[in-house]
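Residues per chain are reported as follows:
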Amino acid sequence: MKFTDLGTGEGIGANCQLLEIGPFRIVVDAGLNPRETGNPSLPRLDSIGAEPDAIVLTHCHLDHLGALPVLGRLFPEVPILMSLPSSMLAPRMLHNSVSVMTRQREELGLGELPLYTHGEVERLFMRVIPLKFALPRFLDKGGDSLEICLHQAGHVAGAACVEFKWGSERILHTGDILFDAQRHLAGAKPPKGPFSVLITETTRGGATRPEGFSREDETMRLLETIEKTIARGGSVLIPVFALGRAQELFCILHESRNLLPKVPIFSAGLGLDLAEKFDEITRKTGLVRFRSGVLRDLKVQILERDLRPGRSPRQGIYLLSSGMMTESTPSYVAAASLLHDAKNTVCIVGYCDPDTPGGQLMETEPGGDFLFDKLDYQTPLEAQVERFDLSGHADREELLAYACEAAPARVILVHGEEASRQWFLTELEKALPGAAVLIPEQLRAYDLPVA
Ligand SMILES: [Zn+2]
Ligand SMILES: [Zn+2]
């Protein structure tokens, strides 16, 4: 096979890869780089060249999905394959992107925004082919056939590992993957090896989990932190990805609702809309466990619009996107009204890119200055900032164990900071001495013949 990383940006960046397997040319994902806005956030779609045979989406986070309408515009005839739950979630995610980009056009004066329109999103989904998990689909070309099969990847609703079979080649792309079950979603069920090529995410390669770690203990610690903060008269902000983390946190709060202090829970737009979608996916496919009754039981309220920097809002639990506190999102605006007061707590529960406000907040010393650039407001960090490991990504030891079990001839390391990929490179070279391990350079086509 041939592999070309069409992504842009350092670290996780805009995910998009061209896989050439025999005569078949497949594009996996078309995301936007969360560290950029407008054209610089796009992957290098111009480097795809001739029309691909199919586009496959691993899941609906925007670093994988956000550029799909632009890719679709370039190749209007190419079929787009994704899991059934992803096909139900993706339109909502993309329509939200159009709205965000339209706002940014005014705020930032970027004439290229929005990168696509609501109409294009609607038309795109007329040629999406929803796939069932573990049910192979065949692409045919000139008497040749490529088998494509999606497997549940945990991570978020609809997330898939993608398996390709062509002749003696068997390739697995993990996408973003979580082996642990979450309250609302089963864990990953990737196929067993051996593979000729394993393309694996490496998000958590930079850190190990402490001895004796358990997701349940982390959840308990989070609930205790909420209780303590409310008891001293403060509010809690939990920045979450609207897709996945938000619904998981709703489930956690719901489970403990009788023990939680009686303060309102505030949320906003997309996380709540997606909760309705999750309910529909639960009813129609059984692949998610989330009912919208959870929101009713918790009496979730829509975030008040009059939050001001430096002025404490109503006491409550603020469960808001974005997870990385990206500028101008509800979690960013809420943080600006909470950080000045030592009674409040910000609970970081997922991955934060170091270049985003969430990542910067984790690096800020207590009492140090924190700048909300977009709000032209700076405050000493008085609130507590606590980190909880409820990540949607498999930890590095689990991924390493899976890679070893899968016994691939080649491993391609994607979706991680440089240090994370380096950790995997070193460990895999030790653990799989026969395998060729690759950290791909962007835009370089690697020819990887079957060994
Ligand atoms: Zn993801
Ligand atoms: Zn991702």
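Residues numbered from 1 in each chain as written. Chains lettered and ligands numbered in written order. Predicted model: local features only at pLDDT ≥ 70, side-chain atom pairs only at ≥ 80, totals over all residues. Heavy atoms only, no water.

Student: It is not clear to me how helix α3 (residues 84-108) should be interpreted in this structure. Could you clarify?
Tutor: The periodicity of an α-helix, 3.6 residues per turn, causes residues three or four positions apart to be oriented the same way. With 25 residues, α3 extends 36 Å between its outermost C-alpha atoms, agreeing within 8% with the 36 Å of an ideal straight helix rising 1.5 Å per residue. The positive-phi residue at the C-terminal boundary of α3 is Gly109, with phi of around 65°. (Helix = DSSP H or I, 4+ residues; strand = E, 2+ residues; numbered from the N terminus. Expected span 1.5 Å × (residues − 1).)

Student: Sorry, what's going on with the coordination of the zinc ion (ligand 1) here?
Tutor: A four-donor tetrahedral metal ideally has 109.5 degree angles, and a six-donor octahedral metal ideally has angles of 90 or 180 degrees. For the zinc ion (ligand 1), the full set of protein donor atoms is His59 (NE2), His61 (ND1), His155 (NE2) and Asp176 (OD), at a range of 2.1 to 2.4 Å. Separating the zinc ion (ligand 1) and the zinc ion (ligand 2) is a distance of 3.3 Å, and Asp176 donates to both of them. One end of the pair, His59, is in the loop between β4 (54-56) and α1 (62-65); the other, Asp176, is in the loop between β10 (169-173) and β11 (197-201), with 117 residues separating them in the sequence. Both residues of the pair, His59 and Asp176, count as buried. (Donors = N, O, S within 2.8 Å, 3.2 Å for Na, K, Ca; no water. Buried < 20%, exposed > 50% of the residue type's maximum accessible area, 1.4 Å probe, protein only.)

Student: Quick question: what am I supposed to make of the domain arrangement of the protein here?
Tutor: Interfaces are often described in size by the accessible area the parts lose on coming together. Domain boundaries in the protein define domain 1 (2-207 + 392-447) and domain 2 (215-387). Look at where the C-alpha atoms of domain 1 and domain 2 centre, and you get two points 28 Å apart. Buried area between domain 1 and domain 2, both sides added, is near 2800 Å², and the carbon and sulfur share of it is 61%. For the domain 1 face of the interface with domain 2, the top three residues by lost area are Met88, Arg183 and His184, together amounting to 31%. Along the contact surface separating domain 1 from domain 2 lie six salt bridges. Taken together, domain 1 and domain 2 are joined by 13 residue pairs in polar contact (both at pLDDT 80 or more). Considering each element in turn, the side of domain 1 that touches domain 2 owes the most residues, nine residues, to α3. Tallied by class, the residues present in the side of domain 1 that touches domain 2 amount to 15 nonpolar, eight polar and six charged. (Domains from an automatic or database assignment. Buried area = accessible area lost by both parts, 1.4 Å probe. Salt bridge = Lys/Arg side-chain N within 4 Å of Asp/Glu carboxyl O. Polar contact = N/O pair within 3.5 Å; in protein donor to acceptor, adjacent residues only side chain to side chain. Nonpolar A, V, L, I, M, F, W, Y, C, P; charged D, E, K, R; others polar.)

Student: Would you mind going over unusual backbone geometry with me for this structure?
Tutor: In most cases, non-glycine residues show a negative phi, while peptide bonds are predominantly trans. That bond from Gly193 to Pro194 is cis: its omega, 0°, falls within 30 degrees of zero. Tracing the backbone shows Pro194 in the loop between β10 and β11. Even without being a glycine, Asp29 presents a positive backbone phi close to 65°. Not every positive phi belongs to a glycine, and Met325 is a case in point at roughly 55°. Locating Met325 in the fold gives a position in the loop between β15 (317-320) and α9 (330-338).

Student: Hey, could you run me through the coordination of the zinc ion (ligand 2) in this one?
Tutor: Coordination of the zinc ion (ligand 2) by the protein is provided by Asp63 (OD), His64 (NE2), Asp176 (OD) and His415 (NE2), with metal-donor distances spanning 2.1 to 2.2 Å. Of note is the zinc ion (ligand 2), whose four donor atoms meet at the metal with angles of 90 to 170° in an arrangement that counts as irregular. Between consecutive donor residues of the zinc ion (ligand 2), the sequence gaps follow D-H-x111-D-x238-H. (Tetrahedral: all angles 85-135°; square planar, octahedral: opposite > 155°, others 65-115°.)

Student: How should the packing of aromatic side chains be read in this particular structure?
Tutor: Two aromatic rings are characterised by how far apart their centres lie and by the angle between their planes. Applying the stated rule across the entire model yields seven aromatic pairs. Between Phe266 and Tyr318, the aromatic rings sit 4.7 Å apart at their centres with planes inclined by 20°, giving stacked as the arrangement. Linking Phe266 in strand β13 (residues 265-267) with Tyr318 in strand β15, this pair joins segments that are 52 residues apart in sequence. Across this residue pair, the class does not change: Phe266 and Tyr318 are buried. (Phe/Tyr/Trp six-rings, centres within 6.5 Å; stacked < 30°, edge-to-face > 60°.)

Student: So what exactly am I meant to see when it comes to the sheet that holds strand β6 (residues 128-131) here?
Tutor: Note: strands within a sheet are paired through backbone hydrogen bonds, in either parallel or antiparallel orientation. The seven strands are arranged β6-β5-β4-β3-β2-β1-β22 in an open sheet whose pairing can be described as mixed. Strands with a single pairing partner mark the edges of an open sheet, and in this sheet they are β6 and β22 (445-447). Recorded for the sheet is a direction-independent mean angle of 25° between the axes of neighbouring strands. As paired elements, strand β1 (residues 2-5) and strand β2 (residues 17-21) share four bridges and run antiparallel to each other. By the bridge assignment, Thr4 is partnered in β2 with Leu18. (Pairing = 2+ DSSP bridges. Axes fitted to C-alpha atoms, helices over the stretch in contact; angles between N-to-C directions.)

Student: How should the pairing of strand β7 (residues 137-141) be read in this particular structure?
Tutor: Sheet topology note: the β7/strand β8 (residues 144-152) ladder contains five bridges and is antiparallel. Looking across to β8, one finds that Phe138 is bridged to Glu147. Here β7 folds back onto β8, and the loop between the two strands holds two residues, one of which, Gly142, carries a positive phi near 50°.

Student: What is the right way to read the packing of helix α11 (residues 396-406) against helix α12 (residues 418-431) from this model?
Tutor: Geometry of a packed helix pair, given as the angle between the helix axes and the separation of the axes. In the contact formed by α11 and α12, the axes pass within 11 Å of each other and the chain directions differ by 40°. Here α11 is positioned oblique relative to α12, judged by the angle of their axes. The crossing of α11 and α12 is right-handed. Of the residues in α12, those touching α11 at Arg396, Glu397, Leu399, Leu400, Ala403 and Cys404 are Trp423, Phe424, Glu427, Leu428 and Ala431. Here the contact of α11 with α12 is built from residues that sort into eight nonpolar, no polar and three charged. (Parallel < 35°, antiparallel > 145°, perpendicular 65-115°, else oblique. Left-handed = near helix turned anticlockwise from the far one by under 90°. Contact = heavy atoms within 4.5 Å.)

Student: Mind showing me how you'd approach the environment of Gly233 here?
Tutor: Looking at the element boundaries, Gly233 is found in the loop between α5 (215-231) and β12 (236-239). Using a relative accessible area of 37% as the deciding quantity, one classes Gly233 as partly exposed. Separated by 111 residues in sequence, Gly233 and Asn344 have C-alpha atoms that sit 8.0 Å apart. When sequence neighbours within four positions are dropped, the list of residues in contact with Gly233 reads Gln315 and Lys343.

Student: Please explain the packing of helix α6 (residues 245-255) against helix α7 (residues 269-285) as it appears in this structure.
Tutor: Look at α6 against α7: their axes get within 9 Å of each other, and the N-to-C directions meet at 80°. The orientation of α6 with respect to α7, classified from their angle, is roughly perpendicular. Together, Ala246, Gln247 and Phe250 of α6 and Gly271, Leu272, Leu274, Ala275 and Phe278 of α7 make up the contact between the two elements. Split into classes, the residues belonging to the contact of α6 with α7 amount to six nonpolar, two polar and no charged.

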